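Each chain is listed here by its residues.
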Amino acid sequence: MVKVAVLGAAGGIGQPLSLLLKGNTAVTELALYDVAPIVVGVAADLSHINTPAKVTGYKGDDELERALTGAHIVVIPAGIPRKPGMTRDDLFKINAGIVKTLATAAAKYCPKAFLAIISNPVNSTVPIAAEVFKAAGVHDPKRIFGVTTLDITRANTFVGELKKTDPTATSVPVIGGHSGVTIIPILSASGHTFTDAEREALTQRIQYGGDEVVKAKDGAGSATLSMAYAGARFVASLLDASVGKKTGVKECTYVQSTAVEGLEYFSTVVELGPDGASKIHPIPANLDAHEQKLLQAAIPELKANIQKGVDFVKAVSS
Ligand SMILES: NC(=O)C1=CN([C@@H]2O[C@H](COP(=O)(O)OP(=O)(O)OC[C@H]3O[C@@H](n4cnc5c(N)ncnc54)[C@H](O)[C@@H]3O)[C@@H](O)[C@H]2O)C=CC1
Ligand SMILES: O=C([O-])CC(=O)C(=O)O
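Given the structure is predicted, the values throughout are model-derived calculations rather than measurements.

**Section: the environment of Gln-15**
Then comes step 1: Structurally, Gln-15 is set in helix H1 (residues 14-22).
Then comes step 2: In this structure Gln-15 comes out as partly exposed when scored by relative accessible area, which is 32%.
Then comes step 3: When the C-alpha atoms of Gln-15 and Ala-43 are compared, they prove to be 9.3 Å apart, with 28 residues separating the residues in sequence.
Then comes step 4: Once you skip the residues sitting within four places of it in the chain, Gln-15 turns out to touch Ala-9, Ala-10 and Val-42.

Shown next as structure tokens:
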């Protein structure tokens, strides 16, 4: 049995993500959970698609245990999205508590599951989930992931557009975290060369791609469809490595890491295996001067974001 639970499944990301996961034939059970009752209808709707996954809907706290029990992967897109003028950190006030609640339940009902956290601010929500798992005595850093895949799909799209190459064959690692200056595209590893102006413009667009969508949606939310695509890709990679036993599966993802001294969490290329993160790659060796500068700019903000998440769990539990 390969059960995937989606927490926040009725939302802007949750619905299309669940649709894409229903299309993944490695999934045999898709458990959709939300506090919004429509989740039961979303599950009924998806259950008519003729793929193997049996779809079930769970609404509200009382049904969270059943949604999580037996889960192999728990994907968490629960929480509020940005409106124009907000930073991802502005979401902390509400989303920190939501992620803490859901991680607490996951630690209790499916402590061995892989956690793929989409809820923002990812730089802080991943440390929150990790602290919850530590407090419950079930922490395995190889199993908790911050989903930053959308930064990679954006980077591949924008570079492909500029260089007029197939975006599906373009591969730009994006390391660091998932907000503004903490997003560090490694354009030097893309196989293309860029003028200084191109490099500046691409970096800015990749770092602030989320804002582009927030602005275009004009108060009605942030990226949902591209995030669903990116989330489904990340879950597919986790399934390929853990269920399909494929080797060489790699994704950039935000995990507990020693890549940067003084930062407990960081995203680099991570090799995925049957037990989760099997090898965390270091920062690429040949960063150019521009990328070195980006890295230095990211460190203080990431450090503060991580500490904020850790402190939140400690304050609530003391
Ligand atoms: N990691 C990334 O790259 C990205 C992250 N995001 C983040 O994903 C989150 C969700 O975004 P959207 O789907 O657009 O928001 P949304 O508001 O459309 O959906 C969120 C869903 O979460 C549910 N929810 C709220 N509290 C819950 C709880 N305690 N348990 C279960 N479900 C709960 C809501 O009922 C709603 O259905 C936001 O925090 C957003 O910032 C968005 C895009 C990209
Ligand atoms: O920008 C936002 O708030 C949502 C997000 O994380 C993204 O689109 O990368």
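**Section: the site of ligand 1**
Then comes step 1: Contacts to ligand 1 come from 29 residues, most closely from Gly-12, Ile-13, Asp-34, Ile-80 and Asn-120.
Then comes step 2: Note that an oxygen atom of ligand 1 is positioned 2.8 Å from one of the backbone N or O atoms of Gly-12.
Then comes step 3: Contacts to ligand 1 include Ile-80, whose backbone N or O atom sits 2.9 Å from an oxygen atom.
Then comes step 4: Isolated, ligand 1 exposes 860 Å² of accessible area, and the fraction of that covered by the protein chains is 85%.
Then comes step 5: The cavity where ligand 1 resides is the largest pocket.
Then comes step 6: Those elements giving two or more residues to the shell around ligand 1 turn out to be strand S2 (29-34) and helix H4 (92-109).
Then comes step 7: Of the residues forming the shell around ligand 1, the biggest block, three residues, is contributed by H4.
Then comes step 8: A breakdown of the residues in the shell around ligand 1 according to their chemical character gives 18 nonpolar, ten polar and one charged.
Then comes step 9: Mapping the shell around ligand 1 onto the domain boundaries places at least three of its residues in each of domain 1 (3-148) and domain 2 (149-304).

**So, the site of ligand 2**
Then comes step 1: Around ligand 2 lies a shell formed by Arg-82, Arg-88, Asn-120, Leu-150, Arg-154, His-178, Gly-210, Ser-222 and Ala-223.
Then comes step 2: Separating an oxygen atom of ligand 2 from a side-chain N or O atom of Arg-82 is a distance of 2.6 Å.
Then comes step 3: Between ligand 2 and Arg-154 there is a distance of 2.7 Å, counted from an oxygen atom to a side-chain nitrogen or oxygen.
Then comes step 4: Taken by itself ligand 2 offers 260 Å² of open surface, and the protein chains cover 95% of this.
Then comes step 5: Its atoms largely coinciding with the cavity grid, ligand 2 occupies the largest pocket.
Then comes step 6: Its residues assigned to classes, the shell around ligand 2 comprises two nonpolar, four polar and three charged.
Then comes step 7: Here the shell around ligand 2 spans two domains, since at least three of its residues come from each of domain 1 (3-148) and domain 2 (149-304).

Criteria and cut-off values
- Residues numbered from 1 in each chain as written.
- Chains lettered and ligands numbered in written order.
- Predicted model: local features only at pLDDT ≥ 70, side-chain atom pairs only at ≥ 80, totals over all residues.
- Heavy atoms only, no water.
- Helix = DSSP H or I, 4+ residues; strand = E, 2+ residues; numbered from the N terminus.
- Buried < 20%, exposed > 50% of the residue type's maximum accessible area, 1.4 Å probe, protein only.
- Contact = heavy atoms within 4.5 Å.
- Near = heavy atom within 4 Å.
- Polar contact = N/O pair within 3.5 Å; in protein donor to acceptor, adjacent residues only side chain to side chain.
- Areas by Shrake-Rupley, 256 points an atom, 1.4 Å probe, with all protein chains shown as cover.
- 1 Å grid on protein atoms, 1.4 Å probe; cavity = no way out; pocket = protein on both sides within 12 Å on 5 of 7 lines; lining within 4 Å.
- Sits in = over half its atoms within 2 Å of the grid points.
- Nonpolar A, V, L, I, M, F, W, Y, C, P; charged D, E, K, R; others polar.
- Domains from an automatic or database assignment.

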